Amino acid sequence: MAQKRKRAHDGATSAKSAERPDHLVAIVGAGFGGLGMAIACKQAGIDDFVVLERADGVGGTWYANTYPDVAVDVPGIVYQFSFAKNPNWSRTFPKGAEVRQYIEGLVTDYRLDRHLRFDHDVVSRQWDEDRQFWRLGLGDHREITAKYVVTALGAFVEPKVPDIAGLEDFTGKVIQTQVWDHDYDLTGKRVAVIGTGATSVQLVPQLATMAEHLTVFQRRAIWVFAKPDFRIPRIVATAFRRVPALQSVIRGIVAGLVELGLVGITVYGKQIAPLTLVPNWACRAFLFTQVRDRRLREKLTPTYGFGCKRPSVSNLYYKTYTRDNVELITESIERITANGVLTRDGREHRIDALVLATGFEMSQSPEPYRRRPVRGRNGFDLADFYEHNRAKAYEGVCMPQLPNHFMVFGPFAWSGSSWHVMVENAMRITTKVIAEAEKRGATSVAVTDEANDRFFDFISERGKETLMHGKACINANSYYIDKHGDFGFLRPTTAYQSTRASKNLRFDDFDFRRGSVAESTPAQTVTLAGLD
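Everything numeric here is computed off the predicted structure, so don't read it as measured data.

Q: Could you clarify how one ought to interpret the overall build of the protein chain in this entry?
A: Scanning the protein chain from N- to C-terminus turns up 16 helices and 22 strands. Scored against the burial criterion, the 532 residues of the protein chain give a buried share of 56%. Contacts spanning at least 24 positions in sequence make up 74% of the contacts within the protein chain whose residues lie at least 6 apart. A total of about 23800 Å² of accessible surface is found on the protein chain, and carbon and sulfur atoms cover 51% of it.

Q: Where do I start with the nonpolar core in this structure?
A: If you look at soluble globular proteins, the nonpolar side chains tend to sit buried side by side. With 108 residues, the main nonpolar core has Val25 and Phe32 as its most contacted residues. Considering every element that reaches this core, the biggest residue donor is helix H13 (residues 419-440), with nine residues. Ignoring anything within four residues of it in the chain, the contact list for Val25 reads Cys41, Ile46, Asp48, Phe49, Val50, Ala146, Tyr148, Val150 and Ile434. If you look at the next biggest cluster of nonpolar residues, it comprises 24 residues, including Val122, Leu138, Ile144 and Ala393.

Q: Please clarify how empty space enclosed by the protein should be interpreted in this entry.
A: Applying the stated criterion to the full structure yields four cavities of 30 Å³ or more. Taken as a whole, the largest cavity holds about 90 Å³ of empty space. Tallied by class, residues from the lining of the largest cavity come to eight nonpolar, three polar and one charged.

Q: Could you clarify how one ought to interpret the pairing of strand E1 (residues 23-28) in this entry?
A: Regular strands place side chains that alternate from one sheet face to the opposite one. Taken across its six residues, E1 has six buried, putting it largely inside the fold. Here E1 runs beside strand E6 (residues 143-151); their pairing, made up of five bridges, is parallel. Paired with His23 across the bridge in E6 is Ala146. Pairing geometry for E1 and strand E2 (residues 49-52), over four bridges, is parallel. Bridge assignment links Val28 to a residue of E2, and that residue is Leu52. Handedness of the crossover is the feature at issue here: the chain leaves E1, passes through helix H2 (residues 32-43), returns alongside E2, and the resulting connection is right-handed.

Q: Would you explain the packing of H13 against helix H15 (residues 495-503) in this entry?
A: Helix-helix packing is characterised by the crossing angle of the two axes and by the distance between the axes. Two elements in contact, H13 and H15, have axes whose closest approach is 9 Å; the angle formed by their N-to-C orientations is 10°. Comparing the axis directions of H13 and H15 gives the class roughly parallel. Listed contacts from H15 to Val421, Asn425, Arg428, Ile429 and Lys432 of H13 are Ala495, Ser498, Thr499, Ser502 and Lys503. Among the residues forming the contact of H13 with H15, the class breakdown is three nonpolar, four polar and three charged.

Q: Can you walk me through unusual backbone geometry in this structure?
A: Peptide bonds are trans in most cases, and residues, glycine excluded, mostly fall at negative phi. A positive phi angle is found at Asp69, which is not glycine, with a value near 70°. Relative to the elements of secondary structure, Asp69 occurs in the loop between helix H3 (61-64) and helix H4 (96-109). When its relative accessible area of 28% is taken as the criterion, Asp69 is described as partly exposed. Phi is positive for His141, close to 75°, though the residue is something other than glycine. With respect to the element layout, His141 can be found in the loop between strand E5 (133-138) and E6.

Q: When you look at the side chain of Arg91 in this model, what are you seeing that I'm missing?
A: Structurally, Arg91 is set in the loop between H3 and H4. Looking at Arg91, its side chain comes within polar contact range of the side chain of Asp229, at 3.1 Å. Discounting residues that sit within four places of it in the chain, Arg91 has contacts with Asp229, Phe230, Arg231 and Ile232.

Q: Please clarify how the pattern of salt bridges should be interpreted in this entry.
A: Pairs may arise between side chains of opposite charge once their charged atoms sit close together. Within the structure shown, the criterion is met by 28 salt bridges. Here Glu143 makes a salt bridge to Arg135, at a shortest N to O gap of 2.6 Å. According to the relative accessible area criterion, Glu143 is partly exposed, its value standing at 44%. Note on Arg135: relative accessible area 18%, which makes it buried. As a salt-bridge pair, Arg375 and Asp381 come within 3.1 Å of each other at their nearest N and O atoms. A relative accessible area of 11% places Asp381 in the buried class. What you see here is one network of salt bridges that share partners, running through Glu19, Asp128, Arg131, Arg135 and Glu143.

Q: How should the packing of H2 against H4 be read in this particular structure?
A: H4 packs onto H2 with a crossing angle of 25° between their chain directions and a minimal axis gap of 10 Å. Taken together, H2 and H4 sit at an angle that is classed as roughly parallel. The chirality of how H2 crosses H4 is left-handed. Facing Phe32, Leu35 and Ile39 of H2, the residues of H4 in contact are Val99, Tyr102, Ile103, Leu106 and Val107. Of the residues that constitute the contact of H2 with H4, the class distribution is eight nonpolar, no polar and no charged.

Q: In this structure, what is going on with helix H14 (residues 449-463)? I would like to understand it.
A: Every α-helical turn comprises 3.6 residues, leaving residues that sit three or four positions apart pointing alike. Taking 1.5 Å of rise per residue, 15 residues should cover 21 Å, and H14 covers 20 Å from first to last C-alpha, within 8% of that figure. Those residues of H14 that sit buried are Ala451, Asn452, Phe455, Phe456, Ile459, Ser460 and Gly463. Buried residues of H14, seen end-on, are gathered within an arc of 150° and therefore sit on one face of the element. Each element contacted by the buried residues of H14 is listed here: strand E21 (444-447).

Q: Sorry if this is basic, but what is going on with the sheet that holds strand E17 (residues 353-356) here?
A: Sheet strands pair by backbone hydrogen bonding; their relative direction is either parallel or antiparallel. Pairing within the open sheet is parallel, and its five strands lie in the order E8-E17-E9-E10-E13. A single partner strand is all that each edge strand has here, and the edge strands are strand E8 (173-176) and strand E13 (326-329). The sheet shows a mean angle of 20° between the axes of neighbouring strands, direction not considered. Of the strand pairs in this sheet, strand E9 (residues 190-194) and strand E10 (residues 213-217) are connected by five bridges, and their pairing is parallel. Paired with Arg190 across the bridge in E10 is His213.

Q: Would you explain the side chain of Gln176 in this entry?
A: Assignment of secondary structure puts Gln176 in strand E8. The exposure class of Gln176 is buried, given its relative accessible area of 14%. Within the structure, Gln176 has its side chain in polar contact with the backbone oxygen of Lys160 (distance 3.2 Å). Not counting residues up to four positions away in its chain, the partners in contact with Gln176 are Pro159, Lys160, Val161, Leu356 and Thr358.

Definitions and limits used
Residues numbered from 1 in each chain as written. Predicted model: local features only at pLDDT ≥ 70, side-chain atom pairs only at ≥ 80, totals over all residues. Heavy atoms only, no water. Helix = DSSP H or I, 4+ residues; strand = E, 2+ residues; numbered from the N terminus. Buried < 20%, exposed > 50% of the residue type's maximum accessible area, 1.4 Å probe, protein only. Contact = heavy atoms within 4.5 Å. Areas by Shrake-Rupley, 256 points an atom, 1.4 Å probe, with all protein chains shown as cover. Core = buried A, V, L, I, M, F, W, Y, C linked by side-chain atoms within 4.5 Å. 1 Å grid on protein atoms, 1.4 Å probe; cavity = no way out; pocket = protein on both sides within 12 Å on 5 of 7 lines; lining within 4 Å. Points joined across faces, edges and corners; volume = space filled by probe spheres on them. Nonpolar A, V, L, I, M, F, W, Y, C, P; charged D, E, K, R; others polar. Pairing = 2+ DSSP bridges. Right-handed = clockwise from strand over helix to strand, strands pointing away. Axes fitted to C-alpha atoms, helices over the stretch in contact; angles between N-to-C directions. Parallel < 35°, antiparallel > 145°, perpendicular 65-115°, else oblique. Polar contact = N/O pair within 3.5 Å; in protein donor to acceptor, adjacent residues only side chain to side chain. Salt bridge = Lys/Arg side-chain N within 4 Å of Asp/Glu carboxyl O. Left-handed = near helix turned anticlockwise from the far one by under 90°. Expected span 1.5 Å × (residues − 1). Arc of directions from axis to C-beta.

All quantities given are derived from atomic positions and should not be read as evidence of function.
Below you can see the structure in the form of structure tokens.
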């Protein structure tokens with residue numbers, strides 16, 4: 001009897017080993033990161049891949065965020081892929097609709113339609129060690145399996161609903177900026193906005209022209225500078241199309257200036273502390289030209305240094321607060337009432353509509369992975385890891401406990417100068433490793449602990465010298481810094497360094513394993529092209 005049971009068990013094991021996943025690669029998310037990774041798969045000769053998107057269209061954050069005047073806050077010439085440059089940007093800072101048009105063009109140009117799966121909400125990721133593939137649970141209780149998984153969820157995962165007492169008691173209209181209700185007319189209404197981050201900088205001036213009265217509740221002021229936004233003459237687009245190298249040169253120059261202004265100040269600000277005062281003075285001078293009332297200027301002036309949080313640009317934001325129908329409130333909110341917002345001074349601000357511009361939950365915090373668990377090898381749980389450990393991810397892309405798993409935006413991934421540089425680096429690393437694993441006939445591949453620790457030591461040492469850890473940033477409460485005090489949101493290096501690292505990837509940093517699946521499943525032939 002025992003012998004029969006053993007034969008039955010052996011048969012079951014054999015059947016499990018022979019089971020093949022639905023796809024070679026599953027990409028989660030159809031924003032810039034997911035579509036970039038899909039293009040990389042095609043360029044690398046990988047055709048068996050699928051892009052799973054919970055929305056019913058492509059674009060990610062640009063699909064979700066359609067609030068009034070949503071736009072890019074860096075020049076459009078750097079907000080694009082190096083291999084798919086758009087010569088037709090209509091203005092220096094493109095509006096959201098134009099960005100979505102660019103994204104949809106990527107789908108058409110690279111023939112990604114047949115790989116896209118909309119309304120596929122991935123609610124769990126589970127590594128199956130026996131079968132050597134990933135099980136992706138969907139919101140409708142279906143399951144998709146894939147040998148490799150690439151997550152392209154972006155930096156901001158879920159809208160953050162503020163933890164303010166009484167929010168559910170409000171009888172008026174509540175609008176989250178990430179789910180804008182275009183059917184609700186704000187014209188002539190008394191409107192309140194909670195939050196004064198980058199979204200509000202774009203949104204508040206527009207609401208002020210619609211509402212009878214607009215009240216903005218500010219916890220911390222934001223640094224804002226003049227926005228050099230203008231329409232680009234058609235002759236420029238013609239020149240870019242006829243001489244593509246011209247756009248590449250200008251793109252490089254603009255990217256360098258953006259990196260100098262954002263990364264240079266933030267990453268190296270501690271070493272060049274006196275120079276950080278220059279943008280501080282410039283923003284203060286701009287504020288002075290927009291707002292002459294001294295008390296109002298004091299409210300709008302941040303109490304932390306420039307670069308401690310992501311600054312923004314606008315020609316209208318500061319000026320909006322000088323309108324007769326706009327009021328800036330810096331008193332803390334006590335609670336939401338049925339008819340408005342009660343502040344700590346006992347004043348109730350009666351409103352018809354409440355707009356929540358309160359940001360997102362960060363992708364490197366445990367909360368998103370409590371609701372959407374990610375479990376890897378040997379009982380590894382990503383939520384527990386982010387809760388109790390300093391975040392480590394090799395080049396911001398791989399973790400040792402997550403075999404056959406890659407991230408477009410992981411800890412220390414984004415240099416800050418251009419989102420697309422980070423995506424292209426992740427594209428390069430991911431396809432190189434997958435191609436090598438398939439070439440070796442490996443059933444799994446994961447970065448080694450040694451390589452992961454080496455990268456973390458390198459990057460965290462640099463992080464200690466950032467502006468974030470200086471006195472100027474004490475009051476910033478910046479999302480650049482995670483709960484463990486690490487500069488995990490940004491990579492404290494130049495974009496050049498991160499790109500060079502992705503091109504000089506060492507396969508010795510990875511553990512390639514071969515088991516029963518590799519013996520029964522022939523490896524797919526993968527050739528790399530176009531990413532170096």
